[in-house]
Structure formats: structure tokens, C-alpha cells
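Residues per chain are reported as follows:
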Amino acid sequence: MHVEETYDIIIVGAGHAGCEAALAAARMGFETIMFTVSIDSVALMPCNPNIGGSSKGHLVREIDALGGEMGKNIDKTYIQSKMLNVSKGPAVHSLRAQADKYEYTKQMRKTLQEEPKLTLKQAEVTELIIEDGKVTGAKTLSGAVYHAKAVVLCTGVYLKAMCIFGDTITYTGPNGLMSADHLSASMTDAGIGLRRFKTGTPPRIDRNSIDFSKMSEQKGDEHIQPFSFTNTEEDIARDQISCWLTYTSEETHEIIKENIDRSPLFSGVIKGTGPRYCPSIEDKIMKFPDKERHQLFVEPEGESTTEMYLDGMSSSLPEDVQYKMVHSVKGLENAKIVRPAYAIEYDCISATDLKPSLEFKKVEGLFSAGQLNGSSGYEEAGAQGLIAGINAARLLQGKEPVILSRSDGYIGVLIDDLVTKETKEPYRMMTSRAEYRLLLRQDNADLRLTDIGHEVGLIDDERYAKFCQKRDIINSEIERLKGAMLGAGKKTREFLESHNSSPIHTAVSVADIIRRPEFDYETVAPLDEDRPELQLTKEIVEQINISIKYEGYIERQQRQVDHFLRMEEKKIPKDIDYSQVRNLRIEARQKLEQVRPESIGQASRISGVSPADVNMILLYLNI
């Protein structure tokens, strides 16, 4: 007799997407069960041992602002922290932290197991139960049946996973964990199309076999910026651990070229499409033959291991070639490989099969998040998992889904790109993908999204009250600075001269002085006689400075957003028959039928749909 149980929501997979989805669903009040092929793989970091980075740091801060867990967990478990791109404008500043990958898993698992309405279960889900176009549960390999009103698929790279280096092929998930070999067939039976993508990892090196004297030390920042808005620097300060920088050599490149025929990537063994923006080392050497060297970062995987991650040398070459390749690098001449590099190939979906809520168009109550949707990266997965978990819970509440627009956050850009544009390769978030990036900075994620997190029930009243107080202080202080006038008298003149700043001839506001490149909120304090007795945090001061200094650019971008939102508000009826829209090109008609956009704005972003096609739809709908 088989086990039979009932829950509100089922989460399939316990990676970064699954963790966020499960916690969101449970914290919103629903009995949730999360399945994983191995409880030891919860929030596993099978690839790079870090969280954040360029644009990805934005995603983590947005996850935190909405009430997710990733930011809190990395703040507990980081071993080095750095703000990237600080020489550039605030729009592209991105926080990145090296993680103790074992501690990261341990702390996330503890959080999951302490969540009252969440059950963590080790079992392979093999079949979806679908009745009349609606998901009603799932079955496991043992034959156990679990009934639920919603299911969120967060299978990562485990579906029919295949790990490859050289002639060595293992039919496992990452790190030798079990692959999930049965669910793909059930998805296909449900009318869900699958395809093969590929990603990979570099070799791990024994720290004791590395000569660091030949490398450049990379230290963390002196002052730590937490990922979570609930933390301060004082809460999480710690002694940091260094990373190291070295480079490939001409010899490295020759070794790769001589053995390129042995790479499964080039011999045809690997069929899946790999990531454009995180290519293997053999891919880089063949595509950029004129480049004399490539950066390699040697990164610790944790405090309780001697394994070092060789960031930049992802590969699927045979093990003997990997040894030669590694030994040709300065500082790694005698390095011992603890784990060889490998590529992993897996089943995933085309996210154009999903609504912007991440619910499947064909199956009511079935959601999908993470690498299964064709994305890459822990942060992209966590962001989708959070939204899918929220929307599964909202479905059960009978409420409208949370759909972030491209002007709301990087999460909105990520999901819109996935569900609107047919992704031909693993999708990676980049700042260049966000057209409103001056508004979508990592520093103001809470100001943009905390209201939504509170409304859905993931931000408690105490945290929300503190946030509202912060927002009120920022707004009132900016308004005061705009109204605080300075005369062109002796005191002002001498102050400006002492800072090599041009004189003023008529009265100006304190805000006008802050706009000058040589000043900021703190340095104008001697002139600002009416400044209130406030102990402002660094975060509040940062918001005041950015808002005032970039006011003109921000206002211009806001006008662009207003135009964008007008297009998003022009809704397309769900039952529209595109064959009846006159003068649509065949390609446009096919793409529109496939994606079924919800608005004119979304239709305009579909690859293959031209502005002329959009005009034909507007004429047809008479809007």
C-alpha cells in the first residue's frame, strides 16, 4: 500500500529556486512540502562559491526587499565581500560575496527545517498528476502520492542530467548526486516541450599545492555592505579570507588547441547549448585566438576545506589535458586537482510556455522557476523561485499574481526576457539588459519593492515600520535641502573657495551645492545651518546624495518609464485570434500565437514582431 498525503503546495527541487519558493509559500500560510533527490544538496553551490556580482547583486537585494532569504543567508555565511564597479556610476554598483559553500547549505537547510509550515522530503518526483488541464499533485519513485492545489517545478540541472569530461560520461547531477530521470516523460505527456542546455564547472585545486607567491592577492572591502536590508555592517563584520588572481599562458592556449579534438564540446558528444557569457576555457581560446591570456581567480570554497575554485577555467576536456592545462598556469605548476572540471547537460523548458506569473499556460496551478526555465545562476534561480512561490500562494488565495514590470526591478527584466523572448542559450542577467537601470539600482531595492513584500505577507509589520520611517526621512530631508537657501555672502564664498569650487552670485539651495561633483551631503554640513539633529545611517545619506546629484537623469528616465507603462496598460484580450489581424507578417503571427502576450508592451518586445506589426494590432483592437 502506497503513502498518500495532502498538502497545499508542492515544490520539486531544493536548489536556490526551490528554497525561495518553499519559504515564500510556507510563510504565506500554506502547508508546503519540498522534494529533493538529496537533503544534502539543499541550496547547493555546485559551481562558483559566491553570491551576487555584476547585476546579480541587484537580484539578491531585490529578493531581500520582497522578503526572500538569499541575502540573509549569504550575510551569515560569507567569507569575503566586495562592491564591484565602484569607479562607475551607482546604477552599476553590484555587491558580490564569496560564500563558505558548506556553511551556506547548512544555514539554509536549518532555516527550511525550522519553518513551521514547511516539510522537507528526500524523494524523487517522477510524475505530475494532472486532471482536466489542472495540476492536482505529484507521485514519487516509491509510488507515494502527494495531493496539492499547486506545484512549483525547480528541478535545476537534474532532469536527465549527464556529466561529461573527455570520454568520461556519468549519468548524474552535479557533484555525483542522483539525476532525476523520470519527470521529463511526465512533462512531455502534459504537452510541455523540453530541450537540452549545458553548463559547466572548472577544476577544484588543493590549496596546499598552490604557490600563492606567484599570484596577486585579492582582498575584500574594508567596509562591508550587507546584502540584507535587515542587517548593518556591525551585525555581520568578520575577518575576511583572500582570493587570488593569476592568468592563463601561451602554453595553456597551445595545450588546449592541440587537444581540442578531444573536447566533447567540439567533437559533438555534447549536444546541449552552452552559456554565451560564461563559456568554457576551450571555447574562449578558440573564439578569441588573438587574446594572449585570460584571468583566472583562485577562490576558497570554505573555511573547513582546502578546495579552491579555479574561476575562469570551466572545461570538459579529458582529465590528463586538465592537468597539463592547470600546470601551465603561474602558481599552479604543482597543483593537485581534487575534482576534475566537467560539463553538465540537462533538460529544460522554453519559458515562452509560461505566463509572466511563471505559471504554465497549458496547466493550471503548475509553476516553473530557475534553470529549468533556461536561465543560469543561483541569483536568477532564487529570484524566479520567490516569484513562483508567491504566485502559487496567491493562486490559492484567489488573488491576482505578483508580476513585476521591467521598470519595477531586475527581477521584472529577468522574467519578462525569459517569457517573452525565446532564449536560445542559458540566460544570464546583466546590467545592460535593464533599460531603466538608473532607477533600478541595488541601493534602492527596498524603496522599490518592500511595499510589495509587505502586501503579500513576507515583510512583517515591524520591518515595514522601520522601512517606512527610513523612506520618510529620505523624502523629507531631500525636500528640506531643496528649500534651504544659501546667500552669496562671505561665509559661503570662503567655503566654496576652500573647496576649489566656483563662486555663486545669487542665492542657491543647499541641494544645488550638493549637485556639484566636489560636494556631497556630509561635506556641505558647515553651510547647512538648519540641518536637523539626526543620526542618519550611511544608507540614508547615500540615497539623499544619489537622488539630488542624479535628479535630472532620474527624471528623464522616469518619463521613459511613464511611456513604457502606458504601453503595458494597453491589454490584449486573451482570446484574440491573430489570424484575423490584417497585414500581420507570417513570422509575427506565429510568434504572437506562441507567446500570447498580455499587453501591447510585451508584444513589442517579442523577437520577430516589428513596430509595424504592433501598429496592426493597435488598429485591430482600436486602442
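To be clear, the structure that these remarks concern was listed above.
Residues numbered from 1 in each chain as written. Predicted model: local features only at pLDDT ≥ 70, side-chain atom pairs only at ≥ 80, totals over all residues. Heavy atoms only, no water.

So, about the state of the cysteines. All told, the structure shown has zero disulfides when counted by the stated rule. We note that C19 lacks a disulfide partner, and the nearest cysteine sulfur, in C154, lies 9.1 Å from it. A residue is classified by how much of its surface remains accessible, and C19, at 1% relative accessible area, is buried. (Disulfide = S-S within 2.5 Å. Buried < 20%, exposed > 50% of the residue type's maximum accessible area, 1.4 Å probe, protein only.)

The next subject is the packing of aromatic side chains. The description of two aromatic rings rests on the distance between their centres and on the angle between their planes. The tally for this structure, following the rule as stated, stands at seven aromatic pairs. Here the aromatic rings of Y7 and Y146 are separated by 6.5 Å at their centres, their planes lie at 35°, and the arrangement is tilted. Here the residue Y7 occupies a position in the loop between β1 (4–6) and β2 (9–12), and Y146 occupies one in strand β10 (residues 145–147), the gap between them amounting to 139 residues. We classify Y7 as buried; its relative accessible area is 14%. Classification of Y146 as buried rests on a relative accessible area of 2%. Relative to W244, the ring of F212 has its centre 4.8 Å away and its plane inclined at 35°; by these criteria the two rings are tilted. Here the residue F212 occupies a position in the loop between β15 (204–206) and β16 (216–218), and W244 occupies one in strand β17 (residues 243–247), the gap between them amounting to 32 residues. The same class applies to F212 as to W244, namely buried. A network of ring pairs unites the aromatic residues Y7, F35 and Y146 as a single cluster. One Lys or Arg, R293, reaches over the ring of Y247 and ends 3.5 Å from the middle of that ring. (Phe/Tyr/Trp six-rings, centres within 6.5 Å; stacked < 30°, edge-to-face > 60°. Helix = DSSP H or I, 4+ residues; strand = E, 2+ residues; numbered from the N terminus. Lys NZ or Arg CZ within 6 Å of the ring centre and 35° of its normal.)

Before going further, it helps to examine helix α1 (residues 16–27). For an α-helix the count is 3.6 residues per turn, leaving residues at separations of three or four pointing the same way. Its twelve residues place the ends of α1 17 Å apart at the C-alpha level, agreeing with the 16 Å of an ideal helix rising 1.5 Å per residue. Most of α1 is tucked away: eleven of the twelve residues are buried. Among all positions in α1, only H16, A17, G18, C19, E20, A21, A22, L23, A24, A25 and A26 are buried. (Expected span 1.5 Å × (residues − 1).)

Pairing is mixed in the open sheet, where four strands are placed in the order β1-β10-β9-β8. Sheet topology places β1 and β8 (125–131) at the edges, where each strand pairs with a single neighbour. Between one strand axis and the next, the sheet turns by 25° as a mean value, whatever way the strands run. (Pairing = 2+ DSSP bridges. Axes fitted to C-alpha atoms, helices over the stretch in contact; angles between N-to-C directions.)

All right, on to the environment of K399 then. The residue K399 is located in the loop between α11 (378–397) and α12 (410–420) in this model. Take K399: its relative accessible area is 44%, and that puts it in the partly exposed class. The spatial distance from the C-alpha of K399 to the C-alpha of L534 is 41 Å, given a sequence separation of 135 residues.

It is at 9 Å that the axes of helix α2 (residues 56–66) and α11 come closest, and there the two elements cross at 25°. By the criterion of interaxial angle, the relationship of α2 to α11 is roughly parallel. Crossing of α2 over α11 shows left-handed handedness. Residues K56, L59, V60, I63 and L66 of α2 lie in contact with α11, whose contacting residues are E379, E380, G382, A383, L386 and I387. (Parallel < 35°, antiparallel > 145°, perpendicular 65-115°, else oblique. Left-handed = near helix turned anticlockwise from the far one by under 90°. Contact = heavy atoms within 4.5 Å.)

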